[in-house]
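# Structural overview
Each chain, letter by letter, is given below.
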Protein chains: 6
Amino acid sequence: MTKRRAIYAGSFDPLTNGHVDILERGADLFDELILAVANNRNKKPTFSAAERVALSKASLEHLKNVSVCSFEGLLIDFAREQGVKVLLRGLRAVSDFEYEFQLATMNRNLAKAEVETMFLMTGETHFYLSSRLVREVASWGGDISSMVPKPVFEALVAKFEDKYKV
Amino acid sequence: MTKRRAIYAGSFDPLTNGHVDILERGADLFDELILAVANNRNKKPTFSAAERVALSKASLEHLKNVSVCSFEGLLIDFAREQGVKVLLRGLRAVSDFEYEFQLATMNRNLAKAEVETMFLMTGETHFYLSSRLVREVASWGGDISSMVPKPVFEALVAKFEDKYKV
Amino acid sequence: MTKRRAIYAGSFDPLTNGHVDILERGADLFDELILAVANNRNKKPTFSAAERVALSKASLEHLKNVSVCSFEGLLIDFAREQGVKVLLRGLRAVSDFEYEFQLATMNRNLAKAEVETMFLMTGETHFYLSSRLVREVASWGGDISSMVPKPVFEALVAKFEDKYKV
Amino acid sequence: MTKRRAIYAGSFDPLTNGHVDILERGADLFDELILAVANNRNKKPTFSAAERVALSKASLEHLKNVSVCSFEGLLIDFAREQGVKVLLRGLRAVSDFEYEFQLATMNRNLAKAEVETMFLMTGETHFYLSSRLVREVASWGGDISSMVPKPVFEALVAKFEDKYKV
Amino acid sequence: MTKRRAIYAGSFDPLTNGHVDILERGADLFDELILAVANNRNKKPTFSAAERVALSKASLEHLKNVSVCSFEGLLIDFAREQGVKVLLRGLRAVSDFEYEFQLATMNRNLAKAEVETMFLMTGETHFYLSSRLVREVASWGGDISSMVPKPVFEALVAKFEDKYKV
Amino acid sequence: MTKRRAIYAGSFDPLTNGHVDILERGADLFDELILAVANNRNKKPTFSAAERVALSKASLEHLKNVSVCSFEGLLIDFAREQGVKVLLRGLRAVSDFEYEFQLATMNRNLAKAEVETMFLMTGETHFYLSSRLVREVASWGGDISSMVPKPVFEALVAKFEDKYKV
């Protein structure tokens, strides 16, 4: 039996407890799980790719078979480079579903069916979390301490501290 | 019995007849209804927050228990300041529904369940209206007189009059 | 100010903790809330209308402004008889949403806009609960003790006890 | 490393090429895959549980690590009996998605998070296939030879041959 | 140029004003439009196929290029018999959409792309109407006079008159 | 009988094989089909309107009754100018559906019901294609040769050739 390895890719700007839930469950289902932070040069993220990698590492120390890195370009190319044939994704809502369906089908076509996408449903207490919503709430000083891992919480507070001071 | 007060918040850029429909029905269901115009400094609206407040006031004179104001920051903080525990929202379509579900759940978590979100379904003759679509049609000189209150119609014509002149 | 009264109608075959969540929140939003058990002679429920009324009463003793009764015929006629102009509904998912949208619009047309339907989103820890799923799981001896009020749990165990004995 | 085993459960009344697609892809992702035919005594299937098991076996001979059996009762209990912690499901459409989300969440609660549900998106050339639609088309003599495995095709023709003769 | 002919098929149990809306608009878009009443022997309709044909004819006298008939079996076979290559369908909601997508794709596969399905969106004042909902409301004596053509209204009143008498 | 003419409008930035599928099927259903490239001065497309017209012409030479042009402003005004009363649209997914429903209803209101929107479902092998996704994949050097017509493929390669060189 070969090792079962999977990639869990995304922007993670920032990592939320919803992502952590998928990672914890995925870590049980695969021998190795790679959190791959997308470094898209055309977007202006709140945290740089390096910061997002560092925050994710700090938040996932309890998961021994999860590693963190960043990648650029097509996910499917990154998967081939890593010799990984499974992409793990979380599904949260119907709108997610449709986009994910298109993306998974696109990726199967690009990868000539050599790479599969597997999905887990987001835990029911996290389905309302999105990085965008968390960023927005944090920017207005809302209490997001129960929605993100501790290192991410501290980084968000530091990022928006001018608002907190006012 | 204490007064039943609710907040109906949004961008209202501009107020459409769909919003007015929700406000007229909401005015029957609550003792006081506050239309709260979101003043988001990161966005570039077609009408300024002050203009949107003025246009909304001019359009809602017939609703005696509806007041209009603007707010900045988290809606949940504004609701607490006002001592209001009900947020009123209109639902128009499935895509609305999912976003609203996430938002309502986020707000219940932020407010420790002290603030509730209640929904009305948009009237069937207004479900196709959105501020964005109205703006777009108006910018090309389309006739939106049946889609917005009269003061908003006049403001849109003035805003896009260069196009009308051409 | 007149009393704010609302009807929360359904089959409640049986009442689940998802319904109780809506009722507890609704009891805070209205002066009086009537749980109305639909007695549809064309359907064969697991519990009779009388049983469903009794189980609901036993489960809702902590909510002083909630009363329980059954009705037959159009909900809109029952609302008129009771002099109530607000129907309260829980929304759980997109498929709910569409049916509810049709029903609310139908009811507004039937009631000539005299009766409104207001919606609450089901709490995130209950959205997966449906009476049908609970019945099915209970019929196979699955542990549904955390999904329904205690009186309902006991009634379900009694109803399906042959299975439990095997 | 322990063996990765998963259960792919359903009615399979009958098995379609959409199911076969999921099974072929699943057979690559797990060491062992169990096709579990639900034997629900309250329903009247077109093919008996024994027939469905036999047809599935005949259709899946090329998949060496797939076994076929039937089960009764809660899937979660069957999974525990088999010592399997992964349920595999295919997702085809938004309506699937919502039901599957509820079911997966229900099962996680019943199984105290010991059993996970993983999803694959149905291949784009099979998404329109459902057992119900295939049965209906076959019952009217429509050509379903490209939609089901050969043994299933022959069984459907035999089942509905009176219609074919007319 | 050959004549443009289309089939608008369904159960029409009974025809509603939503169907009439689609038929009136379709009559403008095609040279001939055939309303085809599905006669499914496995179902127990409220009105027999013959009654549904008669009611539809009586309701559509103002549409000179619309004819009414019934059919049994696969719609695609009926279309071929009639030499018609376009199926017209109304879309009302997301749940419609998914089923219609599956059905249209199934039909294209069965017909080897010789038959196309074209869709119109239901008029916004009719989207909440369904034959099922109309039947249910009529059975309880609700006023459905604005929801169905006059001949259908009279037939429904006659069908359910015992209830009206009570 | 007058000629049946329809407009198929969009951004086509760029034309994909999904669009070509709709055009090929539409060319069978109408006497004349006009592909109308929206020239929206507020957006920054990857290809200019003139380029998109030229690429579309080069890709559609096999369809004798399809012409290509660009337009600015409201589609409904362009349709009137052309004396065309049918807009053809492709439907791909639920999220499409809702937006299209709003747009079609808006256009019927703007056009006082003189212009109809008809829909075809995207072929099942193309539903995952969108111009945006194709552009994104091409920008990273992914192989999109099976997703777009040959002239578009070559133009995309030229546009992003710096990436290909690296």
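Our structure's up above, just so we're on the same page.
Residues numbered from 1 in each chain as written. Chains lettered and ligands numbered in written order. Predicted model: local features only at pLDDT ≥ 70, side-chain atom pairs only at ≥ 80, totals over all residues. Heavy atoms only, no water.

### Examining the overall build of chain A
Our working definition: Elements are defined by DSSP. Helices are runs of H or I of four residues or more, strands are runs of E of two residues or more, and each kind is numbered from the N terminus. Our radius of gyration is a C-alpha quantity, and the globule rule it is checked against amounts to 2.2 Å times the number of residues to the power 0.38. For every residue, the accessible area (1.4 Å probe, protein chains only) is compared with the maximum for its type, and the residue is labelled buried under 20%, exposed over 50%, or partly exposed between those bounds. Using a 1.4 Å probe, the Shrake-Rupley method yields the accessible areas, and only the shown protein chains count as cover for residues. In this tally Asp and Glu are treated as negative and Lys and Arg as positive; neither His nor the chain ends contributes. A single reference atom marks each charge: NZ on Lys, CZ on Arg, CG on Asp, CD on Glu.
Scanning chain A from N- to C-terminus turns up seven helices and five strands. The linear arrangement of helices and strands in chain A, starting from the amino end, is β-α-β-α-β-α-β-α-β-α-α-α. On C-alpha atoms alone, chain A measures out to a radius of gyration of 16 Å, which is about the 15 Å that the 2.2 N^0.38 rule sets for 166 residues. In terms of its C-alpha atoms, chain A occupies a principal-axis envelope of roughly 55 × 30 × 30 Å. By the burial criterion, 59% of the 166 residues in chain A qualify as buried. When the accessible surface of chain A is split by element, carbon and sulfur atoms take 49% of a total near 7000 Å². Charge-centre separation for chain A: the mean point of 22 positive side chains lies 4 Å from the mean point of 22 negative side chains.

### What to know about the pattern of salt bridges
Rule in force here: Take a side-chain nitrogen of Lys or Arg and a carboxyl oxygen of Asp or Glu: if they are within 4 Å of each other, that pair is a salt bridge.
Summed over the entire model, instances satisfying the criterion amount to 66 salt bridges over all chains. Notably, a salt bridge pairs A:Glu32 with A:Arg5, separated by 3.4 Å at the nearest N-O pair. Taken together, the residues span a long stretch of sequence, with A:Glu32 in strand β2 (residues 32-38) and A:Arg5 in strand β1 (residues 5-10) at a distance of 27 residues. Given the relative accessible area of 24%, A:Glu32 is considered partly exposed. A salt bridge links E:Glu136 to E:Arg132; the nearest nitrogen and oxygen atoms lie 3.5 Å apart. Placement of the pair is E:Glu136 and E:Arg132 together in helix α5 (residues 131-139), with a separation of four residues, close to one helical turn.

### Some remarks on the interface of chain D and chain A
What counts is decided by this rule: Throughout, a contact is declared for two residues whenever any of their heavy atoms are within 4.5 Å. Summed over both partners, the accessible surface that disappears when two parts come together, traced with a 1.4 Å probe, is what is meant by buried area. Whenever a nitrogen or oxygen atom comes within 3.5 Å of another N or O atom, the pair is scored as a polar contact, on the condition that within protein one atom can donate a hydrogen and the other can accept it, and that pairs from neighbouring residues in sequence are kept only if both atoms are in side chains. All residues other than Ala, Val, Leu, Ile, Met, Phe, Trp, Tyr, Cys, Pro, Asp, Glu, Lys and Arg, Gly among them, are scored as polar; the first ten of these are nonpolar and the last four charged.
Contact with chain D, which involves 33 residues of that partner, is made by 33 residues of chain A. For the chain D and chain A pair, buried surface summed over both sides reaches about 3000 Å², with 65% attributable to carbon and sulfur atoms. Here chain D and chain A share six salt bridges between them. Close ionic contact of A:Arg25 with D:Glu116 constitutes a salt bridge, the shortest N to O distance being 2.6 Å. Where chain D touches chain A, the interface holds seven residue pairs in polar contact (both at pLDDT 80 or more). Counting residues per element, the ones that place at least two in the side of chain D that touches chain A are α1 (17-29), β4 (86-91), α4 (94-110) and β5 (116-121) of chain D. Among the elements that take part in the side of chain D that touches chain A, α4(D) stands out by supplying nine residues, more than any other. Partitioned by chemical class, the residues of the side of chain D that touches chain A number 15 nonpolar, six polar and 12 charged.

### As for helix α3 (residues 75-82) of chain A
Residue and element names in this part refer to chain A. Going by this rule: The arc refers to the directions leading from the helix axis to the C-beta atoms.
The set of residues buried in α3 consists of Leu 75, Ile 76, Phe 78 and Ala 79. With its buried residues spanning 160 degrees around the axis, α3 presents them on a single face. One or two steps after α3, the chain reaches Gly 83, where phi turns positive at roughly 65 degrees.

### Some details on the nonpolar core
Applicable threshold: Only buried residues count toward a nonpolar core. Its members are Ala, Val, Leu, Ile, Met, Phe, Trp, Tyr and Cys residues joined through side-chain atoms within 4.5 Å.
In terms of nonpolar packing, the biggest core is built from 360 residues, with A:Ile7, B:Ile7, C:Ile7, D:Ile7, E:Ile7 and F:Ile7 touching the most fellow members. Setting aside residues up to four positions removed in sequence, C:Ile7 forms contacts with C:Leu33, C:Ile34, C:Ala36, C:Leu75, C:Phe78, C:Ala79, C:Gln82, C:Val84, C:Val86, C:Leu87 and C:Leu88.

### Description of the pairing of strand β3 (residues 66-71) of chain D
It is a general feature of regular strands that their side chains alternate between the two faces of the sheet. Residue and element names in this part refer to chain D. The condition that has to hold: By this definition, two strands are paired if DSSP reports at least two bridges between them. Handedness rule for crossovers: strands pointing away from the viewer, path from the first strand over the helix to the second running clockwise, crossover right-handed.
With six bridges joining them, strand β2 (residues 32-38) and β3 adopt parallel strand pairing. Bridging across to β3, Ala 36 finds its partner in Cys 69. In this fold, the crossover linking β2 to β3 by way of helix α2 (residues 49-59) has right-handed handedness.

### A few points about the relation of the copies chain D and chain A
Keep this limit in mind: Our superposition of the copies is a least-squares fit, built on the C-alpha atoms of residues whose pLDDT is at least 70 in both.
Expressed as a screw transformation, the operator carrying chain D onto chain A has a rotation angle of 180 degrees and an axial translation of 0.0 Å, and the superposed copies differ by an RMSD of 0.0 Å. Both copies of the chain, as the preceding transformation shows, are related through a two-fold rotation axis. Identified as the residue of chain D closest to the rotation axis by C-alpha distance is D:Phe119, at 2.4 Å. Comparing interface residues between copies, 100% of those in chain D also lie at the interface in chain A; the contact surface is shared.

### Focus: the arrangement of the chains
No part of chain B reaches chain D; the closest C-alpha pair between them is 11 Å apart. Chain F makes no contact with chain C, the minimum C-alpha separation between the two being 11 Å.

### Here we look at the packing of aromatic side chains
Residue and element names in this part refer to chain B. Cut-off, in case you're wondering: Ring pairs are drawn from Phe, Tyr and Trp, using the six-membered ring of Trp, whenever the two centres fall within 6.5 Å, and their geometry is named by plane angle: stacked under 30 degrees, edge-to-face over 60, tilted for the rest.
In the structure shown here, the tally under the stated rule is 12 aromatic pairs over all chains. Here Tyr 8 and Phe 12 contribute two aromatic rings whose centre-to-centre distance is 5.4 Å and whose plane-to-plane angle is 55 degrees, an arrangement assigned as tilted. For the residue pair Tyr 8 and Phe 12, the accessibility class agrees, reading buried in each case.

### Thoughts on the relation of the copies chain C and chain E
Each copy superposes on the other: chain C lies on chain E with an RMSD of 0.0 Å after a rotation of 120 degrees and an axial shift of 0.1 Å. Put plainly, the chains are arranged around a three-fold axis.

### Remarks on the environment of F:Asp143
Tracing the sequence through the fold places F:Asp143 in the loop between α5 (131-139) and α6 (150-159). Along the backbone, F:Asp143 and F:Lys64 are 79 residues apart, and their C-alpha atoms lie at a distance of 29 Å. Non-local contacts of F:Asp143, meaning those with residues more than four positions away in its chain, are made with A:Leu110 and F:Phe153. A polar contact of 2.7 Å, which involves the side chain of F:Asp143, links it to the side chain of F:Ser145.

### As for the pairing of strand β5 (residues 116-121) of chain A
Residues and elements named next belong to chain A. Counting buried positions over the six residues of β5 gives six, a clear majority of the element. Here β5 shows no split at all, with Glu 116, Met 118 and Leu 120 on one side and Thr 117, Phe 119 and Met 121 on the other all buried. Pairing of strand β4 (residues 86-91) with β5 involves six bridges; the strand directions are parallel. The residue of β5 that forms the bridge with Leu 91 is Met 121.

### So, the interface of chain C and chain E
How big an interface is tends to be expressed through the accessible area that disappears when the partners come together. The interface of chain C with chain E comprises 14 residues on the first partner and 15 residues on the second. Summing both sides of the interface, chain C and chain E together bury roughly 1400 Å²; the carbon and sulfur share of this comes to 69%. Applying the counting rule to chain C against chain E returns zero salt bridges. Here the element with the most residues in the side of chain C that touches chain E is helix α4 (residues 94-110) of chain C; it accounts for nine residues. Across the side of chain C that touches chain E, the residue classes tally to six nonpolar, five polar and three charged.

### Here we look at the side chain of B:Glu116
Counting through the fold element by element, B:Glu116 comes out in strand β5 (residues 116-121). Of the residues examined, B:Glu116 reaches a relative accessible area of 6% and is grouped as buried.

### Here we look at unusual backbone geometry
Of note, the bond from B:Asp13 into B:Pro14 is cis; its omega dihedral lies within 30 degrees of zero at 5 degrees. Counting through the fold element by element, B:Pro14 comes out in the loop between β1 (5-10) and α1 (17-29). Positive phi outside glycine occurs at C:Phe12, with the angle close to 50 degrees. Among the secondary structure elements, C:Phe12 is positioned in the loop between β1 (5-10) and α1 (17-29).

### With respect to the environment of F:Ala138
One can find F:Ala138 in helix α5. We classify F:Ala138 as buried; its relative accessible area is 1%.

### Overview of the environment of C:Lys112
Assignment of secondary structure puts C:Lys112 in the loop between α4 and β5 (116-121). For the pair formed by C:Lys112 and C:Ile22, sequence separation is 90 residues and the distance between their alpha carbons is 27 Å.

### Side note on the packing of helix α2 (residues 49-59) of chain F against α6(F)
Residue and element names in this part refer to chain F. Under the convention used in this document: The convention used is that axes are lines fitted to C-alpha atoms, helices contributing only their stretch in contact, and that angles between N-to-C directions extend from 0 to 180 degrees. Note on angle classes: values under 35 degrees are labelled roughly parallel, values over 145 roughly antiparallel, values of 65 to 115 roughly perpendicular, and the remainder oblique.
Running from N to C, α2 and α6 cross one another at 140 degrees; their axes reach a closest spacing of 8 Å. Classed by the angle they form, the pair α2 and α6 counts as oblique. Residues Glu 51, Leu 55, Ala 58 and Ser 59 of α2 pack against Pro 151, Val 152, Ala 155 and Lys 159 of α6. Tallied by class, the residues present in the contact of α2 with α6 amount to five nonpolar, one polar and two charged.

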